Amino acid sequence: MDTKRTTVSLAVMLALPLLASSAAASPACANRVNNTQAKLLECVTLDAVREHQMVFQEIADANGGNRASGTPGYDATVDYLAGELEDAGYDVTIQAFEFQTFVNLSPSLLELVSPAPAGPVANSIFSYSGSGDVTAPVAALAAPPADPTPGCEAADFAGFPAGSIALISRGGCTFAIKATNAYAAGSSGVVIYNNAPGVLNGTLGTDFALAIPVTSVTQDVGQQLAATAGLVMRLKTDVFSGLATTYNVLAETRNGDPGNVIMVGAHLDSVDEGPGINDNGSGSAAVLETALQMAKVKPRNKVRFAWWGAEESGLVGSRHYVNGLSDEERDDIALYLNFDMIGSPNYVRFVYDGDGSAFELEGPPGSDVIEAFFERFYAVRGLESEPTQISFRSDYAAFFDFGIPFGGLFTGAEGIKSVEQEAIYGGVAGEQYDPCYHLVCDTIDNVSLEVLDLNADAVAAATLQYAMNTQAVNARKGKGNFKPPKDMENLGAWKVR
Ligand SMILES: [Zn+2]
């Protein structure tokens with residue numbers, strides 16, 4: 001691996017020859033008991049992970065371009081996973097649940113009517129926006145620094161001309177609060193502009209039910225519009241918002257202590273906009289291949305693999321699952337590993353900040369140990385990594401809320417790579433970690449093969465480690481040969497290749 005890499009263009013980095021471990025799984029793998037780190041990591045190959053991603057891509061192509069929960073694309077993905085897991089001998093549970101879905105029936109339209117020149121303006125509808133077709137004057141609210149919380153208080157709309165479209169900067173409170181205040185002030189539509197570079201892909205949340213069209217534009221466009229006198233615009237949205245049924249997929253080992261369960265999860269759904277091959281076809285495929293290659297292992301601790309539905313609608317599937325357990329069933333869960341976006345093209349090797357060393361929020365006790373495991377997984381390969389904030393933007397949130405230790409990996413989404421990060425991880429500073437985050441271009445080509453190969457191994461290494469021994473996390477005795485080592489260097493996954 002190449003921490004000392006000079007900066008190369010993104011295109012070249014993605015085309016890099018695959019690492020040794022990416023060779024197709026040898027026939028031996030199919031029937032092998034992969035109960036050591038070396039054996040398992042040899043069998044969890046990039047090719048196999050990519051094959052799953054390719055199936056996800058084909059499913060999306062055949063189902064309107066996405067695999068969003070509540071759509072045929074998602075249901076076909078569920079069927080694919082269930083088939084693979086059952087063939088490998090797992091007990092598979094398909095857990096159905098209802099969620100408030102949001103479907104964009106046709107692309108939202110934002111148009112400049114006057115002053116001239118008129119024309120369309122690039123915009124990105126908020127999920128759970130209402131439907132509407134309005135043409136009206138635009139009234140811009142005071143923005144930071146004049147008002148650090150624009151649209152967050154009813155007083156911000158004092159004197160607001162009823163019937164106008166409200167133009168509001170991001171920041172200070174949720175998008176839903178801004179839109180609700182605007183609606184209460186008599187606005188006919190809402191345009192929220194980002195307060196940082198990049199496209200704003202936001203949600204109003206599943207509880208938002210007001211019949212008002214709400215969309216977003218970039219910071220540049222928003223500031224230009226706010227500075228335009230006599231602005232009249234048209235905003236048209238056409239959406240469906242209502243209850244739909246979707247599924248979690250659960251597969252657990254037949255063996256292993258049911259009182260010390262290792263949960264390993266990834267969300268399976270994509271957003272409406274695209275096939276979601278990095279978000280989250282990367283995590284889903286790596287967890288799937290790990291499960292398939294561990295199918296013959298007899299773990300000390302029961303391993304329960306989970307693929308969550310409706311994560312993009314607010315972590316609905318994982319919350320449904322964890323909330324639906326009894327206290328005893330929750331107590332039986334030793335830890336949870338989360339893998340959401342582990343193949344970003346312009347990646348950073350992020351590890352959830354379990355010990356709170358960087359962001360002052362610790363995970364439940366034991367989360368620090370899981371963070372250390374991943375840090376060392378990289379370090380013994382001569383690779384740097386860095387902590388990422390516990391932001392509750394992925395499926396570990398419900399486990400955190402019940403005090404279950406968690407950890408996991410992430411390679412970046414809409415955040416912007418720094419110059420320092422470019423020096424360490426390569427790629428391009430000033431660009432998003434995933435330039436296609438929540439966009440139609442999150443396809444099979446929107447993945448760093450290099451980091452996906454590495455992270456698939458990390459998924460497998462952590463799963464096997466804790467399948468055999470959680471002693472370092474929860475003091476429960478485990479298999480001797482997976483005892484947390486004093487000297488990391490001489491054990492399996494930590495052995496430098
Ligand atoms: Zn995701």
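Okay, so let's go over this structure. Small disclaimer: the values here were computed from a predicted structure and weren't measured.

This part is about the state of the cysteines. Tallied over the full model, the rule gives three disulfides. Cys29 shares a disulfide with Cys43; S-S distance 1.9 Å. Sign of the S-S torsion, about -85 degrees for the bond between Cys29 and Cys43, identifies this disulfide as left-handed. Of this pair, Cys29 sits in helix H2 (residues 27–31) while Cys43 sits in helix H3 (residues 37–43); the two residues are 14 residues apart in sequence, bridging distant segments of the chain. The disulfide partner of Cys436 is Cys441, and the gap between their sulfur atoms is 2.1 Å. Its S-S torsion of approximately -115 degrees makes the covalent link between Cys436 and Cys441 left-handed. A relative accessible area of 11% places Cys436 in the buried class. By sequence order of its bonded cysteines, the protein has the disulfide arrangement 1-2, 3-4, 5-6.

Turning our attention to the nonpolar core. The biggest cluster of nonpolar side chains holds 63 residues, and the ones touching the most others in it are Leu85, Met294, Phe305, Trp307, Leu337, Phe339 and Phe374. Looking at this core, the element that brings in the most residues is helix H14 (residues 449–468), giving 13 residues. Apart from residues lying up to four places away in sequence, Leu337 is in contact with Met263, Val264, Gly265, Ile370, Phe374, Gly407, Ala462, Thr463 and Tyr466. By size, the runner-up hydrophobic cluster in this structure holds 28 residues, among which are Met263, Tyr336, Tyr425 and Tyr437.

Time to look at the pairing of strand E5 (residues 165–169). Within E5, five of the five residues are buried, leaving the element largely enclosed by the surrounding structure. As paired elements, E5 and strand E6 (residues 189–193) share five bridges and run parallel to each other. From the neighbouring strand, Ser169 faces E6, where its bridge partner is Tyr193. Running through helix H6 (residues 175–184), the crossover from E5 to the neighbouring parallel element E6 is right-handed.

With that out of the way, let us pick up the packing of helix H11 (residues 367–379) against H14. Between H11 and H14, the shortest axis-to-axis distance is 11 Å and the interhelical angle comes to 135 degrees. Our classification of the angle between H11 and H14 gives oblique. Our pair here, H11 against H14, has a crossing hand that is right-handed. Contact with H11, carried on its side by Val369, Ile370, Phe373, Phe374, Phe377 and Tyr378, involves Leu454, Asn455, Asp457, Ala458, Ala461, Ala462, Gln465 and Tyr466 of H14 and no other residues of that element.

Take the coordination of the zinc ion next. Around the zinc ion, the donor atoms from the protein are His267 (NE2), Asp279 (OD), Asp340 (OD) and Asp340 (OD), and they sit 1.9 to 2.8 Å away. Considering all four donor atoms around the zinc ion, the spread of angles at the metal, 50 to 144 degrees, places the coordination shape in the irregular class. Sequence positions of the residues that donate to the zinc ion give the spacing H-x11-D-x60-D. Residue Asp279 is located in the loop between strand E9 (257–267) and helix H8 (281–293), and its partner Asp340 is located in the loop between strand E11 (333–339) and strand E12 (350–352); the two are separated by 61 residues in the primary sequence.

This next bit is on the side chain of Asp269. Relative to the assigned elements, Asp269 resides in the loop between E9 and H8. Among buried charged residues, Asp269 stands out as having no salt bridge; its nearest opposite-charge side chain is Arg67, 7.8 Å away. From its side chain, Asp269 meets the backbone nitrogen of Glu312 in a polar contact 3.0 Å long. When neighbours within four sequence positions are excluded, Asp269 is seen to be in contact with Arg67, Ser69, Tyr74, Asp279, Asn280, Trp308, Gly309, Ala310, Glu311 and Glu312.

Moving on, we get to the environment of Ser357. For Ser357, the position within the fold is in the loop between E12 and H11. Owing to a relative accessible area of 53%, Ser357 belongs among the exposed residues under this scheme. Along the chain, Ser357 and Ala286 lie 71 residues apart, while their C-alpha atoms are 28 Å from each other. Side chain to side chain, Ser357 and Asp353 meet in a polar contact 3.2 Å long.

Our next topic: the packing of aromatic side chains. Using the criterion set out here, one finds 22 aromatic pairs in the structure. On the numbers, 4.8 Å between centres and 45 degrees between planes, the contact of Phe126 with Phe175 is tilted. Residue Phe126 is found in the loop between strand E3 (124–125) and strand E4 (132–140), and its partner Phe175 is found in helix H6; the two are separated by 49 residues along the sequence. Taken individually, Phe126 and Phe175 each receive the classification buried, so the pair is uniform in this respect. For the ring pair Tyr336 and Phe399, a centre distance of 4.0 Å and an interplane angle of 5 degrees mean the geometry is stacked. Note that Tyr336 is positioned in strand E11 and Phe399 in helix H12 (residues 397–401), a separation of 63 residues in sequence. Grouping residues by exposure puts Tyr336 and Phe399 together as buried. Taken together, the aromatic side chains of Tyr352, Phe392, Tyr396, Phe400 and Phe406 make up a single cluster linked through ring pairs. Its guanidinium or amino end placed over the ring of Phe377, Arg381 lies 3.8 Å from that ring's centre, counting from NZ or CZ.

Calculation rules
- Residues numbered from 1 in each chain as written.
- Predicted model: local features only at pLDDT ≥ 70, side-chain atom pairs only at ≥ 80, totals over all residues.
- Heavy atoms only, no water.
- Disulfide = S-S within 2.5 Å.
- Helix = DSSP H or I, 4+ residues; strand = E, 2+ residues; numbered from the N terminus.
- Buried < 20%, exposed > 50% of the residue type's maximum accessible area, 1.4 Å probe, protein only.
- Core = buried A, V, L, I, M, F, W, Y, C linked by side-chain atoms within 4.5 Å.
- Contact = heavy atoms within 4.5 Å.
- Pairing = 2+ DSSP bridges.
- Right-handed = clockwise from strand over helix to strand, strands pointing away.
- Axes fitted to C-alpha atoms, helices over the stretch in contact; angles between N-to-C directions.
- Parallel < 35°, antiparallel > 145°, perpendicular 65-115°, else oblique.
- Left-handed = near helix turned anticlockwise from the far one by under 90°.
- Donors = N, O, S within 2.8 Å, 3.2 Å for Na, K, Ca; no water.
- Tetrahedral: all angles 85-135°; square planar, octahedral: opposite > 155°, others 65-115°.
- Lys, Arg positive; Asp, Glu negative; His and termini not counted.
- Salt bridge = Lys/Arg side-chain N within 4 Å of Asp/Glu carboxyl O.
- Polar contact = N/O pair within 3.5 Å; in protein donor to acceptor, adjacent residues only side chain to side chain.
- Phe/Tyr/Trp six-rings, centres within 6.5 Å; stacked < 30°, edge-to-face > 60°.
- Lys NZ or Arg CZ within 6 Å of the ring centre and 35° of its normal.

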